[in-house]
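Understanding the architecture of this molecule
The residues making up each chain are set out below.
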Amino acid sequence: MSVAIIIPARYRSERLKGKPMIEIAGASLLERVWRIAKACKGASRVVIATEDERVVAHAATFGAEAVITSDRCSNGTERE
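This is a predicted model, so every value here is computed, not measured. (Residues numbered from 1 in each chain as written. Predicted model: local features only at pLDDT ≥ 70, side-chain atom pairs only at ≥ 80, totals over all residues. Heavy atoms only, no water.)

The helix and strand tally for the protein chain stands at three helices and five strands. Starting at the N terminus and walking to the C terminus, you meet the elements of the protein chain as β-β-β-α-β-α-β-α. The buried share of the protein chain, reckoned over its 80 residues, is 34%. Long-range pairs, those at least 24 residues apart, make up 53% of the contacts in the protein chain between residues at least 6 apart in sequence. (Helix = DSSP H or I, 4+ residues; strand = E, 2+ residues; numbered from the N terminus. Buried < 20%, exposed > 50% of the residue type's maximum accessible area, 1.4 Å probe, protein only. Contact = heavy atoms within 4.5 Å.)

Take a look at the structure:
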């Protein structure tokens, strides 16, 4: 069975803009989550879903696959 993990990463969060790219002890929040997801046994694909090109560019710096979703998604559930 093939399993994909989708990580919703909204740049324009109302509470904390740019949250996925905030650095914590040398790595962004997004990179940390992506690395944990990549380590999951059985996950054949890990994709970051975002509404912003800045997140796509940031994801590329650590080798992650990212896709642009609609900017009309109001939360992570809709982004998936």
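Our next topic: the nonpolar core. Core analysis: the largest hydrophobic core is formed by twelve residues, namely Ile7, Ala9, Tyr11, Leu30, Trp34, Ala37, Val46, Ile48, Val55, Ala59, Phe62 and Ala64. Within the residue set of this core, elements represented by two or more residues are α1 (29-38), β4 (43-50) and α2 (53-61). When residues of this core are assigned to their parent elements, the largest contribution, three residues, is made by α1. (Core = buried A, V, L, I, M, F, W, Y, C linked by side-chain atoms within 4.5 Å.)

A few words on the side chain of Asp52. Tracing the backbone shows Asp52 in the loop between β4 and α2. Asp52 gets classed as buried once you look at its relative accessible area, which sits at 4%. Engagement of the side chain of Asp52 in a polar contact is seen with the side chain of Arg12, the distance being 3.2 Å. A distance of 2.7 Å separates a polar side-chain atom of Asp52 from the backbone nitrogen of Arg54. Each residue touching Asp52, except ones within four places of it in the same chain, is listed here: Tyr11, Arg12 and Ile68. (Polar contact = N/O pair within 3.5 Å; in protein donor to acceptor, adjacent residues only side chain to side chain.)

A separate point is the pairing of β4. In this sheet, β4 lies alongside strand β1 (residues 3-8) in parallel orientation, the contact comprising six bridges. The partner of Ala4 across the bridge, within β4, is Arg45. On the question of chirality, the crossover connecting β4 to the parallel strand β5 (residues 65-68) by way of α2 is right-handed. (Pairing = 2+ DSSP bridges. Right-handed = clockwise from strand over helix to strand, strands pointing away.)

Listing the buried residues of α1 in full gives Leu30, Glu31, Trp34 and Ala37. For α1, the angular spread of the buried residues around the axis is 125°, confining them to a single face. The inward-facing, buried residues of α1 abut β1, β3 (27-28), β4 and α2. (Arc of directions from axis to C-beta.)

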